[in-house]
Amino acid sequence: MNENLLTDELPADALEELRIAKKTLEHHGIADRLTEMIGAPITASLRMLPDGVESAVHAAIDKSLHVALDVALKTLGEGEGSGGKLGKPKLLSHKVLAGLSGAAGGALGGATVVAELPVSTVLILRSVADIARSEGEDLAQVETRLACLEVFALDPGNDAEIDDETEIGYFAVRAAMAKQIKDASTYILKHGVRDQAAPPLVRLVAQIGKRFGVVVSEKLAAQAIPVIGAVGGALINSYFIDHYQDLARAHFTIRRLERQHGEALIREAYSNLEVK
């Protein structure tokens, strides 16, 4: 199906929304943005990290995602933003707070960068949830809350991290995540959220953490450069949350289009759209 035929199936505005979403989800991962900011490839910065930092980063990622899961399941959607109410998301306040958190990490060094990760992760999650709500998602639903957490796995620079998948890209990630999200949702609806060590929840966090960990390592490499300091740390954290806000907007735009026009048509249109 070429793009001319797609216009017969989808309204022009939906097609353009899908094109913008695909460009976000398939191009320009966080490494590209950070490389542009610091003026040197992130791969070079990664080599500057001290020995032993990898285990600390993995521990911080695991802790951050478990904290985020706890927030997602226990408090996300309370008050304003629940029930699928439409409205413009309030993104600036989350970005400012993330910047302040990054400033502390940049000023006080690498150990603090790792320590502040749970804070910035939860700030990102709340911002993602606000975007989901603005796209018509019902945050009272467990599956929607887990779809917010799924955004941490969507950075387009990490396709090599998908296991047992012959395809790469956004829908391949969703396919890889689908069983874990379904199993976790089923477990939560049956047993509640008393035990985060339950196998379905552990598998979900591990699957997300595998991809999120690549992004965090790149962020840490940039933020730990001595010359970055507090100002650079704040800017990097602002880039970090801005990146996931963009991914969330694209992700939940596609989910809205799937609800409006059907999953099969949107996936077919997505695969046939060309973006530059």
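Before going into details, it helps to say that this report is about the structure given with it. (Residues numbered from 1 in each chain as written. Predicted model: local features only at pLDDT ≥ 70, side-chain atom pairs only at ≥ 80, totals over all residues. Heavy atoms only, no water.)

## Points about the packing of aromatic side chains
Here a ring pair, both rings aromatic, is described through the centre-centre distance and the interplanar angle of the planes. Scanning the model with the defined rule gives 8 aromatic pairs in all. Pairing Tyr170 with Tyr270 gives two aromatic rings, centres 5.9 Å apart and planes at 40 degrees, and the pair type is tilted. Here Tyr170 is found in helix α10 (residues 170–191), whereas its partner Tyr270 is found in helix α13 (residues 263–272), with 100 residues between them in sequence. The residues Tyr170 and Tyr270 share a single accessibility class, namely buried. Ring geometry for Phe212 versus Phe240: centroids 6.2 Å apart, planes at 25 degrees, classification stacked. With Phe212 in helix α11 (residues 199–223) and Phe240 in helix α12 (residues 229–261), the pair connects residues that are 28 residues apart, well separated along the chain. Note on accessibility: Phe212 and Phe240 belong to one class, buried. Following the ring pairs from residue to residue traces out a cluster consisting of Phe152, Phe212, Phe240 and Tyr244. Over the aromatic face of Tyr270 sits the side chain of Lys22, whose NZ or CZ is 5.1 Å from the ring centroid. (Phe/Tyr/Trp six-rings, centres within 6.5 Å; stacked < 30°, edge-to-face > 60°. Helix = DSSP H or I, 4+ residues; strand = E, 2+ residues; numbered from the N terminus. Buried < 20%, exposed > 50% of the residue type's maximum accessible area, 1.4 Å probe, protein only. Lys NZ or Arg CZ within 6 Å of the ring centre and 35° of its normal.)

## Focus on the side chain of Gln180
With respect to the helices and strands, the residue Gln180 is situated in helix α10. Dropping the residues within four chain positions of it, Gln180 is found in contact with Arg203, Leu204 and Gln207. (Contact = heavy atoms within 4.5 Å.)

## A look at the pattern of salt bridges
Tallied over the full model, the rule gives 12 salt bridges. With a closest N to O distance of 2.3 Å, Arg133 and Asp130 form a salt bridge. Of this pair, Arg133 and Asp130 both sit in helix α8 (residues 117–134), separated by 3 residues, roughly a single helical turn. When its relative accessible area of 4% is taken as the criterion, Arg133 is described as buried. Among the residues examined, Asp130 registers a relative accessible area of 13% and is labelled buried. With a closest N to O distance of 3.7 Å, Glu258 and Arg267 form a salt bridge. Overall, Arg267 belongs to the partly exposed group, its relative accessible area being 32%. One continuous salt-bridge network, built from bridges that share partners, spans Glu17, Glu135, Arg249 and Arg256. (Salt bridge = Lys/Arg side-chain N within 4 Å of Asp/Glu carboxyl O.)

## Describing α8
For α8, with 18 residues, the first-to-last C-alpha span of 26 Å sits near the 26 Å given by 1.5 Å per residue. Of all 18 residues making up α8, 16 are buried, and the element is well covered by its neighbours. At the C-terminal side of α8, Gly136 shows a positive phi close to 90 degrees. (Expected span 1.5 Å × (residues − 1).)

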